[in-house]
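Single-letter residue listing:
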Amino acid sequence: MSTAQRAAAPASRPESVSAPLDVERIRADFPILERKIGGKPLVYLDNAATAQKPRAVIDAIQRYYREQNANIHRAVYRLSEEATREYESVRARVARFLNAAEAREIVFVRGTTEAINLVAHSFVRPRLGPGDEVLITAMEHHSNIVPWQIVCEERGARLRVAPMNRSGELLVEEFEKLLTERTKIVSLVHVSNSLGTVNPVKELVSLARARGIPVLVDGAQAAPHYRVDVRDLGCDFYALSGHKLFGPTGIGVLYGRAELLEEMPPYQGGGDMILSVSFERTTYAPIPAKFEAGTPHIAGVIGLGAAIDYLERLDRSQIAAHEADLLSYATERLSEVPGLRIIGTAAHKAAVISFVLEGIHAHDVGTIVDQEGVAIRTGHHCTQPVMEFFGVPATARASFALYNTRDEVDALVRALFKVREVFG
Ligand code: 7TS
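Structural notes, computed from the coordinates. (Residues numbered from 1 in each chain as written. Predicted model: local features only at pLDDT ≥ 70, side-chain atom pairs only at ≥ 80, totals over all residues. Heavy atoms only, no water.)

Observations concerning the site of the ligand
- Around the ligand sit 16 residues in total, of which Thr-113, Asp-218, Gln-221, Ser-241 and Arg-397 are the nearest.
- Residue His-141 places a side-chain N or O atom 3.4 Å away from a nitrogen atom belonging to the ligand.
- If the ligand stood free it would expose 490 Å²; the protein chains cover 89% of that surface.
- Partitioning the shell around the ligand into residue classes produces four nonpolar, eight polar and four charged.
- Both domains that furnish three or more residues to the shell around the ligand are identified here as domain 1 (3-52 + 315-422) and domain 2 (57-312). (Near = heavy atom within 4 Å. Polar contact = N/O pair within 3.5 Å; in protein donor to acceptor, adjacent residues only side chain to side chain. Areas by Shrake-Rupley, 256 points an atom, 1.4 Å probe, with all protein chains shown as cover. Nonpolar A, V, L, I, M, F, W, Y, C, P; charged D, E, K, R; others polar. Domains from an automatic or database assignment.)

And the structure:
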């Protein structure tokens, strides 16, 4: 099965999974899950916003600061060499994690947002003229809308939006119709953060690439849950955030095909991204250093490496099966709550459930379930156009990760019945 098919697999595939995920063992790896909130066990269901961190990640960051802290790439002493080696070894591990062809195709950035901005400004902006188009989809996060608006406005280009249906599924035929000789890039989300939709990325990439159009995939919500193979997907760029992948905040990855990264001008100027500097002329370092100006988030990279190692030690298909089970169980249980409507009912969904409770504002829902120790996100989830499409100001959203359990789904449902009680 290809990556895209695997990522798009709607339900658990128990036949392909040897044993269920040992969730209790996994929970023991995440110290924060021992916390109580107002005397009640924390039920953390906001994993799409950020995931919790296993001890391995926390320890790796601490070890770096306690034992290895030095700036990288610029000193001959052992400590700095050690830190440099660690930092660069994570690049190689990320490349393997994404099945990139080479480590130099991995650029460390602050997160998905910065990765998209980098591509918008360095790759697309110079190629964009009046009348040209950038194609996104109707379910993008603001970070995959606004950077394109900025460059389109500056260059007199046009942002086009491929529509979705009322289930939150992309209309592939409409997408295809919007691919023209004017399209300079397609930038689309792999898994929607507010609807949970898993897009058929491999198919969409191949439609665009067949017309010579480069594709960026926003993988912020996909990488934590599915095995991503950038070469199998065939995309030109892939963006992800470390903090959603059980790693630290402030670190993320831009994968870019070497050929394209090499053509691109630097995004920021400064130390570490140059070969030589004079007042007359500066020459740039080869990729990926060209895109990593200044002292990077060394501890973040090391923490990200530990997060990837942690995930690699687990069976990703077991994780996918466990999350699919949580999705179907939660979908079923939530339907018992009177007046609850799920927003986003795509056939291929990740374990993200947005919902509204008739007559009650999402923020009130969030506040009351918090009193029961249940953390869910409420609001527009940085997808205001999605809210507008579904005609709601906001939703409540439960998003699951490998350490969540059916008991936690039950806790959410109990808390929602309390909300109903309070609001009558
Ligand atoms: N793309 C998607 C699909 C996202 O879900 C997010 C963050 C981003 C991009 C931006 O990632 P960042 O790490 O650069 O901020 N999504 C969410 C969310 O759903 N709730 O809080 C942040």
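Some points on helix H8 (residues 201-209)
- Turning to H8, its buried residues are Val-201, Leu-204, Val-205, Leu-207 and Ala-208. An end-on view of H8 places all buried positions within 160 degrees of arc, on one side of the element.
- Residues of H8 that are buried sit in contact with helix H7 (172-177), strand E7 (183-189), strand E8 (215-218) and helix H9 (230-233). (Buried < 20%, exposed > 50% of the residue type's maximum accessible area, 1.4 Å probe, protein only. Helix = DSSP H or I, 4+ residues; strand = E, 2+ residues; numbered from the N terminus. Arc of directions from axis to C-beta. Contact = heavy atoms within 4.5 Å.)

Quick notes on the nonpolar core
- Counting 81 residues, the largest nonpolar core has Leu-98, Phe-108, Phe-175, Tyr-238, Leu-402 and Tyr-403 as the members making the most contacts within it.
- When residues in this core are grouped by element, the largest group, ten residues, is from helix H11 (residues 298-313).
- Contacts of Phe-175, omitting those with residues within four sequence positions, involve Leu-135, Ala-162, Leu-170, Val-186, Leu-188, Leu-204 and Leu-207.
- Counting residues in each nonpolar core, the second largest holds 29 residues, with Ala-330, Ile-368, Val-374 and Ala-411 among its members. (Core = buried A, V, L, I, M, F, W, Y, C linked by side-chain atoms within 4.5 Å.)

Observations concerning the pairing of strand E4 (residues 106-109)
- Residues Ile-106 and Phe-108 line one face of E4 and the alternating positions Val-107 and Val-109 line the opposite face, and both faces are buried.
- Sheet topology note: the E4/strand E10 (residues 252-256) ladder contains four bridges and is antiparallel. Bridge pairing links Ile-106 to Tyr-255 in E10. (Pairing = 2+ DSSP bridges.)

Here's the deal with the sheet that holds E10
- Judged by pairing direction, the sheet is mixed, and its seven strands sit side by side in the order E4-E10-E9-E8-E7-E5-E6 without closing on themselves. For this open sheet the edge positions go to E4 and strand E6 (158-162), each flanked by a neighbour on one side alone. Direction aside, the axes of adjacent strands within the sheet are offset by 20 degrees on average.
- Judged from the three bridges that link them, strand E5 (residues 133-137) and E7 form a sheet pairing that is parallel. Across the sheet, residue Glu-133 finds its bridge partner in E7, namely Thr-183.
- Packing against the sheet, H8 makes contact with E7 and E8, and its axis sits at approximately 160 degrees to E8. (Axes fitted to C-alpha atoms, helices over the stretch in contact; angles between N-to-C directions.)

So yeah, pure geometry; function would need other evidence.
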